[in-house]
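Given next are the chains, with one letter for each unit.
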Amino acid sequence: MAQIGKDIVQAMQYLQEDGLVAIPTETVYGLAANAFSANAVAKIFVAKNRPSFNPLITHTHDVEQVKRYVKQMPEVAIQLSKTFWPGPLTLLLPKKDIIPDIVTAGSESVAVRIPNHPLTLELLKKLDFPLAAPSANPFGYISPTRAAHVEEQLGDRIDYILDGGECTVGIESTIVGFEEKQVVIYRLGGASLEAIEEIVGRANISMHPQVEDNLNPQAPGMLKSHYAPKKKVIVGNISNLLNSYDKQDIALISLKDYYPQISDKHQVALSVVGDLNEAAQQLFSALRELDKLPVKYIIAEPMPEYGLGKAINDRLQRAAAEKE
Ligand code: TXA
Ligand code: MG
């Protein structure tokens, strides 16, 4: 099993030897390896059971480093980076040869991000290479927001888990690219659409099927085992759904309401004050917790469509789609 701790030097040593280290970020935990080493990066795909056509985000600690990896940054990308980095935003930019093809799955664009977590920023500063890191979950499962989540599922496949506590944002970064002067959002995430549009004006949303590994499995045989313990997720009005299913078969996720018809242990209100940032932070651990219960269904209500509510709804819909 992987060691768990806060030892940056230890983490650094494993990474320098082409090992795998789980790193905390403000969004979710990442499964990191030396992005300059094709050998190290290949191990990520094996550990996650991730198809090799699905590219990885490259993490670093400052914009000067980013400029070493990309051919250019449009003016609007620079503005976004000034506003959101370090933070939950990933930019897709044309890559230089220094980034190995395995990181981008052969694409000419590299996804880059400066994460906002003190331990990981310190680690990145000490390293003389960036870290390629997808979320530290088996392919197709919910992203981890605590060290224990990583240990549970990938503990026997990685060298070290750097424990940075619970992630403060709790859902993955927003992915933004630039196509012929258009700003395109490929994945909704921790940086809200409103906050991005405040900087760039209108952005197009284009959910690229390849930009989310929680989409319908492309290799269902391989993925079945990951989904096997996972309950069917149904998104809708909770009061209606409670009347449609046997109550003991149900666990539920609400934004803030409590439902006396269902046992306490079978329900999570993501934020009793209805704060969508808190709700996003709690979402994945709630799904994991409820997934362990002896129920058949997890029912969840859609969040209001503003702020991080949009990204939460996106994740809920993906979780629901997977089981259909
Ligand atoms: O918040 C996050 O973004 C977390 C933390 C660890 O940084 N990372 C994360 O990585 O969510 P991952 O691999 O689970 O999701 C990143 C998505 C992938 O689905 C991938 O398809 C897309 O970003 N992506 C990465 N590089 C890309 C590229 N060069 N072109 C298009 N899509 C890319
Ligand atoms: Mg992922």
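About the cut-offs
- Residues numbered from 1 in each chain as written.
- Chains lettered and ligands numbered in written order.
- Predicted model: local features only at pLDDT ≥ 70, side-chain atom pairs only at ≥ 80, totals over all residues.
- Heavy atoms only, no water.
- Salt bridge = Lys/Arg side-chain N within 4 Å of Asp/Glu carboxyl O.
- Buried < 20%, exposed > 50% of the residue type's maximum accessible area, 1.4 Å probe, protein only.
- Helix = DSSP H or I, 4+ residues; strand = E, 2+ residues; numbered from the N terminus.
- Phe/Tyr/Trp six-rings, centres within 6.5 Å; stacked < 30°, edge-to-face > 60°.
- Contact = heavy atoms within 4.5 Å.
- Pairing = 2+ DSSP bridges.
- Polar contact = N/O pair within 3.5 Å; in protein donor to acceptor, adjacent residues only side chain to side chain.

Asks: Could you clarify how one ought to interpret the pattern of salt bridges in this entry?
Replies: A side chain of one charge can pair with a side chain of the opposite charge when the charged atoms of the two come close. Applying the stated rule across the entire model yields 11 salt bridges. The partner of Lys95 in a salt bridge is Asp101, with the nearest N and O atoms 3.3 Å apart. For Asp101, a relative accessible area of 47% translates into the label partly exposed. A salt bridge links Asp314 to Arg318, with the shortest nitrogen-to-oxygen separation between them at 3.0 Å. Linking Asp314 with Arg318, this pair stays in helix α12 (residues 309-322), spanning four residues, or about one helical turn. Residue Arg318 is classed as buried on the basis of its relative accessible area, which comes to 11%. The network of salt bridges with common partners includes Glu172, Asp314, Arg315 and Arg318.

Asks: Hey, could you run me through the packing of aromatic side chains in this one?
Replies: For any pair of aromatic rings, geometry is given as the distance between the ring centres together with the angle between the planes. Applying the stated criterion to the full structure yields three aromatic pairs. Here the aromatic rings of Phe36 and Tyr69 are separated by 5.9 Å at their centres, their planes lie at 80°, and the arrangement is edge-to-face. Remark: Tyr69 occurs in helix α3 (residues 63-69) and Phe36 occurs in the loop between β3 (30-34) and α2 (38-48); sequence separation between them is 33 residues. Its relative accessible area of 27% is what places Phe36 among the partly exposed residues. When its relative accessible area of 1% is taken as the criterion, Tyr69 is described as buried.

Asks: How do you make sense of α2 when you look at a structure like this?
Replies: Helical geometry note: an α-helix holds 3.6 residues per turn, so side chains three or four residues apart project in the same direction. Along α2, the positions that sit buried rather than exposed are Ala40, Val41, Ile44, Phe45, Ala47 and Lys48. Where the residues of α2 are buried, they touch β3, α5 (101-104), β7 (131-132) and α7 (147-154). Asn49 sits one or two positions beyond α2 and adopts a positive phi of about 65°.

Asks: When you look at the pairing of β3 in this model, what are you seeing that I'm missing?
Replies: On a regular strand, each side chain points to the face opposite its neighbour's, so the side chains alternate between the two faces of the sheet. For β3, a buried count of five out of five residues is recorded, marking the element as mostly surrounded by other parts of the structure. The sheet contact formed by strand β2 (residues 21-23) and β3 spans three bridges and is antiparallel. Each residue of the ladder has a partner; that of Val21, found in β3, is Ala32. Both β3 and β7 contribute to a ladder of two bridges, which runs antiparallel.

Asks: What is the right way to look at the environment of Ser244 in this model?
Replies: Positionally, Ser244 belongs in helix α10 (residues 238-244). Reaching out from Ser244, the side chain makes a polar contact with the backbone oxygen of Asn240 at a distance of 3.0 Å.

Honestly, it's all geometry; don't read function into it.
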